[in-house]
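# Secondary and tertiary structure notes
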Amino acid sequence: AAMVVYIADRKFGMAAAWSVIAAALSSCGLVHAEVVFLPWHPEGDAAYHWEIVGGYLLTAGFLLVIELAQRFNKGPNQEETVAAKEVDEEDVSTRNPSLTDNSERL
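What counts, and where the lines are drawn
- Residues numbered from 1 in each chain as written.
- Predicted model: local features only at pLDDT ≥ 70, side-chain atom pairs only at ≥ 80, totals over all residues.
- Heavy atoms only, no water.
- Helix = DSSP H or I, 4+ residues; strand = E, 2+ residues; numbered from the N terminus.
- Buried < 20%, exposed > 50% of the residue type's maximum accessible area, 1.4 Å probe, protein only.
- Contact = heavy atoms within 4.5 Å.
- Salt bridge = Lys/Arg side-chain N within 4 Å of Asp/Glu carboxyl O.
- Polar contact = N/O pair within 3.5 Å; in protein donor to acceptor, adjacent residues only side chain to side chain.
- Core = buried A, V, L, I, M, F, W, Y, C linked by side-chain atoms within 4.5 Å.
- pLDDT = per-residue confidence, 0-100.
- Axes fitted to C-alpha atoms, helices over the stretch in contact; angles between N-to-C directions.
- Parallel < 35°, antiparallel > 145°, perpendicular 65-115°, else oblique.
- Left-handed = near helix turned anticlockwise from the far one by under 90°.
- Nonpolar A, V, L, I, M, F, W, Y, C, P; charged D, E, K, R; others polar.

The helix and strand tally for the chain stands at four helices and zero strands. Mapped from its N terminus to its C terminus, the chain presents α and β elements in the order α-α-α-α. When burial is assessed residue by residue, the chain has 20% of its 106 residues classed as buried. Expressed as a percentage of contacts within the chain between residues at least 6 apart in sequence, the contacts between residues at least 24 apart total 44%.

The following block contains the structure:
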């Protein structure tokens, strides 16, 4: 859930950190397994845990690439998208004022 929140807030570095934490927790069975085990001695059906760990690490790598692109202005950052949204709202209100204030009709 924390990864989704940070992705929605466009804080991809923090989302990548939580993905690495999830990989560490799933490597020993604290998440996605019925029993807790050492990463090098999985028990029972937990032998597939490396696939889950790999998925989390792949996600972390992808999120880090997005974070680096964002830092070097190769992708949208939070301030730009907020400013663009404000400009779009101002543009709509200047073109058609009836779209922005419907309180008089209620």
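Here the structure, examined in full by the defined rule, presents one salt bridge. Linking Glu 67 and Arg 71 is a salt bridge whose minimum nitrogen-to-oxygen distance equals 2.8 Å. In this pair, Glu 67 and Arg 71 both sit in helix α3 (residues 49–71), four residues apart, roughly one turn of the helix.

Another aspect to go through is the side chain of Ser 19. One can find Ser 19 in helix α2 (residues 12–27). Taking the relative accessible area as the measure of exposure, Ser 19 reaches 0% and is therefore buried. Polar contacts involving the side chain of Ser 19 include one to the main-chain carbonyl oxygen of Tyr 56, which spans 2.5 Å. In this view, Ser 19 contacts Met 3, Tyr 56, Thr 59 and Ala 60; residues no more than four positions away in its chain are not counted.

Of all hydrophobic cores here, the largest spans five residues; its members are Phe 12, Ala 15, Ala 16, Ala 60 and Leu 63. Elements with a minimum of two residues in this core: α2 and α3. Top contributing element to this core by residue count: α2, with three residues. Filtering out sequence-adjacent residues up to four positions away, Phe 12 remains in contact with Tyr 6, Ile 7, Leu 63, Ile 66, Glu 67 and Gln 70.

Next up on the list: the confidence of the model for the chain. If pLDDT is low for a region, its predicted coordinates should not be looked at in detail. Averaged over the chain, the pLDDT score is 77; the fraction of residues at 70 or greater is 61%. The secondary structure element of the chain with the lowest average pLDDT is helix α4 (residues 78–95), at 60, and the one with the highest is α2, at 93.

Turning our eyes to something else, we now look at the packing of α2 against α3. For any two helices packed against each other, the geometry comes down to the angle between their axes and how far apart the axes lie. The N-to-C vectors of α2 and α3 enclose an angle of 170 degrees; their axes lie 8 Å apart at closest approach. Between α2 and α3, the angle falls in the class roughly antiparallel. In the crossing of α2 with α3, the sense of the turn from one axis to the other is left-handed. Contact residues: Phe 12, Gly 13, Ala 15, Ala 16, Ser 19, Val 20, Ala 22, Ala 23, Ser 26 and Ser 27 in α2; His 49, Ile 52, Val 53, Tyr 56, Leu 57, Thr 59, Ala 60, Leu 63, Leu 64, Ile 66, Glu 67 and Gln 70 in α3. Looking at the contact of α2 with α3 residue by residue, the classes come out as 14 nonpolar, seven polar and one charged.

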